[in-house]
Amino acid sequence: MAAPVFKFLKRVFGVRPKVGLVLGGGVARGLSHIGVLKVLHKNNIPIDYIAATSSGSLMGVLYAGGMSPHQMERVSKHTGWNRVLYLSFSKHAAFGLEGLRRFIIKRIGDKNFADMKIPIRIIATDIKEGVSIVLKEGNVPRAVCASATFPGLFAPVEIEGRLLVDGGIFNNLPVNEVKKMGAEVVIAVDPVPFRQLEKFPEDMVHLVGRAVDLMLHGLSTENRKGADVLIEPHIDEDISHLDLRYAERLIKAGEEAALAALPKIEELISSPSSSSPRE
């Protein structure tokens, strides 16, 4: 992006570019988004738009709905799969995400997209038509459930006649969507670790997880290039997709990655020191 142009406009007219935040999916590793949000929030980095997928959509709607990162952190350390999963009577999967829907409603209310404090777009996949779907109207908790529905594990969610599943199948890092919303500077957070492993996956869960990580990373290549600032939390390889018990480590990884990116973010945008973070 044209950072010098933005600096000139800020200096002459007191304007700043619109900032878009992209939160990628990563199941439990999406908890690292809380650490990123803590750093952005503390340093008064303005967020004008959010686009998110899967676990990123959960973190995105909690923040856009009014929760502070510190509130999100406190809740995350006491939340396990037993509070999210419900047995499903669907022929498509063993579990449903009714618990997740109730979790969201308890924290921010049963809101529609128009009620959010920050405009947000949530990505899901139409499993029948095989296309990526952008959810931007209607019920927010239901949209998050659709975006986070990993096929085979969770039952699909029906919205307006569409059978929806995890948005990461087509668009795990929706940089393109936040640009369509009007973002001029894009901060993207990709919690999917991509590096050579130091040892072989120790069991089936880690082996499948590694395969999914490689697939998602490949699908996100172009969108990663489109971000002005790409934040990649360092996720230890012993933390799998389902390890909600490592919330503290994941949040710390997000904080460290965001702090490293903060100088570049501040170079690109204006963050008035007189403003205060939302409580």
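Heads up: the structure comes first, above all this text.
Below you will find a few notes about this structure. (Residues numbered from 1 in each chain as written. Predicted model: local features only at pLDDT ≥ 70, side-chain atom pairs only at ≥ 80, totals over all residues. Heavy atoms only, no water.)

**Some points on the overall build of the chain**
Secondary structure summary: the chain contains 10 helices and 10 strands in total. Relative to its full complement of 279 residues, the chain shows a buried share of 53%. The contacts in the chain between residues at least 6 apart in sequence include a share of 75% that link residues at least 24 apart. If you sum the accessible surface of the chain, you get close to 13,400 Å²; carbon and sulfur atoms cover 55% of it. (Helix = DSSP H or I, 4+ residues; strand = E, 2+ residues; numbered from the N terminus. Buried < 20%, exposed > 50% of the residue type's maximum accessible area, 1.4 Å probe, protein only. Contact = heavy atoms within 4.5 Å. Areas by Shrake-Rupley, 256 points an atom, 1.4 Å probe, with all protein chains shown as cover.)

**Concerning the nonpolar core**
In terms of nonpolar packing, the biggest core is built from 62 residues, with Leu21, Ile50, Leu135, Ile231 and Ile265 touching the most fellow members. Top contributing element to this core by residue count: helix 10 (residues 247-268), with 10 residues. Not counting residues up to four positions away in its chain, the partners in contact with Leu135 are Phe113, Ile120, Arg121, Ile122, Ala124, Ala143, Ala146, Ile159 and Leu164. In terms of nonpolar packing, the next biggest core, distinct from the first, is built from 11 residues, Leu173, Val175, Val178 and Met181 among them. (Core = buried A, V, L, I, M, F, W, Y, C linked by side-chain atoms within 4.5 Å.)

**Some remarks on helix 6 (residues 140-147)**
For helix 6, the buried fraction is high: seven of the eight residues fall into the buried class. Of all the positions in helix 6, only Val140, Pro141, Ala143, Val144, Cys145, Ala146 and Ser147 are classed as buried. Where helix 6 starts, the residue carrying a side-chain oxygen 2.9 Å from the main-chain nitrogen of Arg142 turns out to be Asn139. (Polar contact = N/O pair within 3.5 Å; in protein donor to acceptor, adjacent residues only side chain to side chain.)

**A closer look at unusual backbone geometry**
Even without being glycine, Ser54 reaches a positive phi, approximately 55 degrees. Assignment of secondary structure puts Ser54 in the loop between strand 2 (49-53) and helix 3 (55-64). One non-glycine residue, Glu160, lies in positive phi territory at about 50 degrees. If you trace the backbone, Glu160 turns up in the loop between strand 7 (157-159) and strand 8 (162-166).

**Digging into helix 3**
For helix 3, the tally of buried residues reaches 10 of 10 residues, placing the bulk of the element in the interior. Three or more residues of helix 3 are buried, namely Ser55, Gly56, Ser57, Leu58, Met59, Gly60, Val61, Leu62, Tyr63 and Ala64. Positioned one or two residues after helix 3, Gly66 has a phi angle of 120 degrees, which is positive.

**Here we look at the packing of helix 2 (residues 32-42) against helix 4 (residues 69-76)**
One can describe the packing of helix 2 onto helix 4 by two numbers: an axis separation of 9 Å at closest approach and a directional angle of 155 degrees. Between helix 2 and helix 4, the crossing angle belongs to the class labelled roughly antiparallel. For the crossing formed where helix 2 meets helix 4, the hand is left-handed. For the pair helix 2 and helix 4, the contacting residues are Ile34, Leu37, Lys38 and His41 in the first and Pro69, His70, Met72, Glu73 and Ser76 in the second. (Axes fitted to C-alpha atoms, helices over the stretch in contact; angles between N-to-C directions. Parallel < 35°, antiparallel > 145°, perpendicular 65-115°, else oblique. Left-handed = near helix turned anticlockwise from the far one by under 90°.)

**A few points about the pairing of strand 2**
On a regular strand, one side chain projects to one face of the sheet and the next to the other, so that they alternate. Burial analysis of strand 2 places five of its five residues in the buried class, the great majority of the element. Examined bridge by bridge, strand 1 (residues 19-23) and strand 2 share four bridges and lie parallel to one another. Residue pairing for strand 2: Val22 is matched across the bridge by Ala51. Where the polypeptide runs from strand 1 across helix 2 and back to strand 2, its parallel neighbour, the crossover connection is right-handed. One ladder, built from four bridges, connects strand 2 with strand 5 (residues 120-126); its direction is parallel. If you follow Thr53 over to strand 5, its bridge partner there is Ile123. (Pairing = 2+ DSSP bridges. Right-handed = clockwise from strand over helix to strand, strands pointing away.)

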